[in-house]
Amino acid sequence: MSSSERLRILGYEPLTESDWETGLHPMDDLLRGERLPHIWCQGCGLGTALSTFVNALQWLEKNQEWDLDKVAVVSGIGCTGRIAGYVRLDSFHTTHGRAIPFATGLKLANPELKVIVLSGDGDLAGIGGNHLIHAARRNLGITVVCVNNFIYGMTGGQVGPTTPHEARSVTSQYGNYEYPFNLPYLAAASGASFVARWTTLHARRLGWTLRDALAYPGFSFVEVIAPCSTAYARWNPDGKGLDPESLRRRGLEIMKHYQEVGRIEHDIHPKDAHIKLNEKGEMAEIVEGEFVKESRPNLQEAIDQRDVWAEKAWQRAKKALDERPDLPAQTEHIPRTEVQLGGFGGQGIMSAGKIIGRAAALYDQLESCFTQSYGPEARGGAAGSQVIIASDSIHHPHLVRPGSMIMMSQGAYSKYIPNLAPGGMLLIDSELVTLPDDHRADITTYGIPATRIAEEAGNNRAANTAMLGFWTAIVGAVSQDAMRQAVIESVPPKTVELNAKVFDIGYERGLET
Amino acid sequence: MPHWRQPLDRDQIQIPLGIVHIIDERCKGCGFCIEFCPQNLFIISERINAKGYHPPEVIPDLDCVNCGLCALLCPDFAIYIEDAGTRSPETISLNPKSEVK
Ligand code: SF4
Ligand code: SF4
Ligand code: SF4
């Protein structure tokens, strides 16, 4: 069923192509002609910005074989935001300030698309300012055209992030005391790889720049200075203010003013791209041109490069997985078994916990759950890790009443011992933990000199392995083969032999007790 | 325009010509076209459109050189230029009031 048929069944009368095609103007191919004339004020620069944009797209279609079905326009809120509703392209009118996040999603999900954000200064630099700098930082391959009219026009002319210092607006009647953003400088400093500025008077050059910017592989930012004939020009002398003679030509007065004060300077440092006012509050200089053209990999290319590494790492991991021995699964039903491990940082308390989990999950084919807790001291401080093993699903990931504990330092012993279940098993490194006189009588305590065993075998850092062998023999929740295999594949390749030996010693000592 | 010396390639130079089309109902009378046409081809007309604006009209007997600036600048998509070929410089009627901007 075609989409128009579906709409008809739902009771809608879909627009036919001919409803939108007015055929009045050659640009109407890319405009929703039925919505024209647009809502913008007489003399507003937004129309010129849009016609220049449409002109650039038509040129790209004709001369560089662009497929305009693969072009998407996104805009936010404000007078400029209306553009999304006037272009006959895939377009989206987002919430205030969120044009760039929407465009980011579009571009990443479909890298083939040419995504263009067309929005105003308030939307992009004010409400959405954070998104602008981060998209530039990532060098996301989209084009952002920011039409800057120095004011919040749609809401009636409030001061905005680009209103020049000392310029007047509805909310800065005695002159703006804040300082504005220099948008090209902001974009360039954030990492944009193409940065330019033009006024709408220089529509032809703006058009040339747009052709380059739209085709640019990285983040391209074009600021278009446009007259706001209603909200900005009313209060400022460039548009002749409230002078009755000029009331209906404020936009034109500003355009004429651009002709006088525009100064073209390509390739200068964007921090020198000034917009200056004179003492009367008129624009005295607007520096325009193409300031930055830099090539560095855009976000998609950078992702693709990382992908190559990720693929290599995955191949290595996969090989290791494929080479794993097949051990028989645990046949007995293992009830929820909680283990608390404790020691100081650097003893391998975390890895010992993970090894138990790994042995249980991968080789005994049980469920297992691992959590860790570091004291604020990290290395050398108190460290704890918790493991839960069970044949059935583990619904609660935290220890309720651990039945066994492996304690490798005095501090960890004191901290954790109250939690051990009555009748539980405490395993300690007998040389590192001294039992106090009031040691709990309702539990069984086993000790081996794990650190010494490991040291005698050649490396005291294998002490945790000795404790694991000891624990396996005494508690018996995980099978010996599974544990031994998990140790072997978790330790650094050079120490496999040593760890296997230490594990066996620990296991035997466990059987002897 | 009299020349004391003819440019060497004068006989090869051709100036493009255009025919101006104005869509009255879209015009908002901003005056951009009137101000910035390098040929100073437009004046405000007596006509009035549905929104109460006076659209521009073309001064008769002057030639549009098809530079396309008016179509680009017009904020309301109310002007476009139809290509009308080229002509040699002698036969173009330039606006005597137009100056180099
Ligand atoms: S308020 Fe200003 S920016 Fe908005 S449409 Fe009117 S002139 Fe343009
Ligand atoms: S195309 Fe150029 S010369 Fe012709 S009317 Fe427009 S601005 Fe004037
Ligand atoms: S530029 Fe367009 S809207 Fe402005 S006066 Fe000319 S035709 Fe009318």
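In this text, all values refer to a predicted model and were calculated from it rather than measured experimentally.

(A) Representation of a negative patch on the surface in the model. A cluster of acidic residues, Asp29(A), Glu61(A), Asp69(A) and Asp90(A), forms a negative patch on the protein surface. As for its placement among the helices and strands, Asp69(A) is situated in the loop between helix 3 (46-63) and strand 1 (71-75).

(B) Geometry of the pairing of strand 12 (residues 382-390) of chain A. Residues and elements named next belong to chain A. For strand 12, a buried count of 8 out of 9 residues is recorded, marking the element as mostly surrounded by other parts of the structure. Taken together, the 8 bridges between strand 10 (residues 337-344) and strand 12 define a ladder with antiparallel strand orientation. Bridged to Gly343 within strand 12 is Ala383. With 8 bridges joining them, strand 11 (residues 367-374) and strand 12 adopt antiparallel strand pairing. Residue pairing across strands places Cys369 opposite Ile388, the latter belonging to strand 12.

(C) Layout of the environment of Arg205(A). Residues and elements named next belong to chain A. Tracing the backbone through its elements, the reader meets Arg205 in helix 9 (residues 203-215). By relative accessible area, Arg205 is classed as partly exposed at 37%. Taking the C-alpha atoms as reference points, Arg205 and Gly289, separated by 84 residues in sequence, lie 8.6 Å from one another.

(D) Quick look at the packing of aromatic side chains. Residues and elements named next belong to chain A. With the rule as written, the count across this model stands at 5 aromatic pairs over all chains. Its end group placed over the ring of Trp59, Arg211 keeps NZ or CZ at 4.1 Å from the ring centre. Its guanidinium or amino end placed over the ring of Trp309, Lys312 lies 4.7 Å from that ring's centre, counting from NZ or CZ.

(E) Fine view of the interface of chain A and chain B. Counting residues at the interface gives 33 residues for chain A, matched by 27 residues for chain B. Summing the contributions of chain A and of chain B, the shared interface buries around 2400 Å²; its carbon and sulfur component is 63%. The interface formed by chain A and chain B contains 2 salt bridges. Residue Lys256(A) pairs with Glu35(B) through a salt bridge whose shortest N-O separation is 4.0 Å. Remark: the boundary between chain A and chain B carries 11 residue pairs in polar contact (both at pLDDT 80 or more). Only helix 3, helix 9 and helix 10 (250-261) of chain A provide two or more residues apiece to the side of chain A that touches chain B. No other element matches helix 3 of chain A, which puts 6 residues into the side of chain A that touches chain B. Class assignment of the residues belonging to the side of chain A that touches chain B gives a composition of 15 nonpolar, 14 polar and 4 charged.

(F) Focus on the pattern of salt bridges. Within this structure, the stated rule accounts for 27 salt bridges over all chains. The partner of Lys319(A) in a salt bridge is Glu323(A), with the nearest N and O atoms 3.8 Å apart. Connected via shared salt-bridge partners are Arg249(A), Glu253(A), Lys256(A) and Glu35(B).

What counts and what doesn't
Residues numbered from 1 in each chain as written. Chains lettered and ligands numbered in written order. Predicted model: local features only at pLDDT ≥ 70, side-chain atom pairs only at ≥ 80, totals over all residues. Heavy atoms only, no water. Patch = residues over 30% accessible without salt bridge, like charges linked within 9 Å, V, L, I, M, F, W, Y side chains within 5 Å. Areas by Shrake-Rupley, 256 points an atom, 1.4 Å probe, with all protein chains shown as cover. Salt bridge = Lys/Arg side-chain N within 4 Å of Asp/Glu carboxyl O. Lys, Arg positive; Asp, Glu negative; His and termini not counted. Charge placed at Lys NZ, Arg CZ, Asp CG, Glu CD. Helix = DSSP H or I, 4+ residues; strand = E, 2+ residues; numbered from the N terminus. Buried < 20%, exposed > 50% of the residue type's maximum accessible area, 1.4 Å probe, protein only. Pairing = 2+ DSSP bridges. Phe/Tyr/Trp six-rings, centres within 6.5 Å; stacked < 30°, edge-to-face > 60°. Lys NZ or Arg CZ within 6 Å of the ring centre and 35° of its normal. Contact = heavy atoms within 4.5 Å. Buried area = accessible area lost by both parts, 1.4 Å probe. Polar contact = N/O pair within 3.5 Å; in protein donor to acceptor, adjacent residues only side chain to side chain. Nonpolar A, V, L, I, M, F, W, Y, C, P; charged D, E, K, R; others polar.

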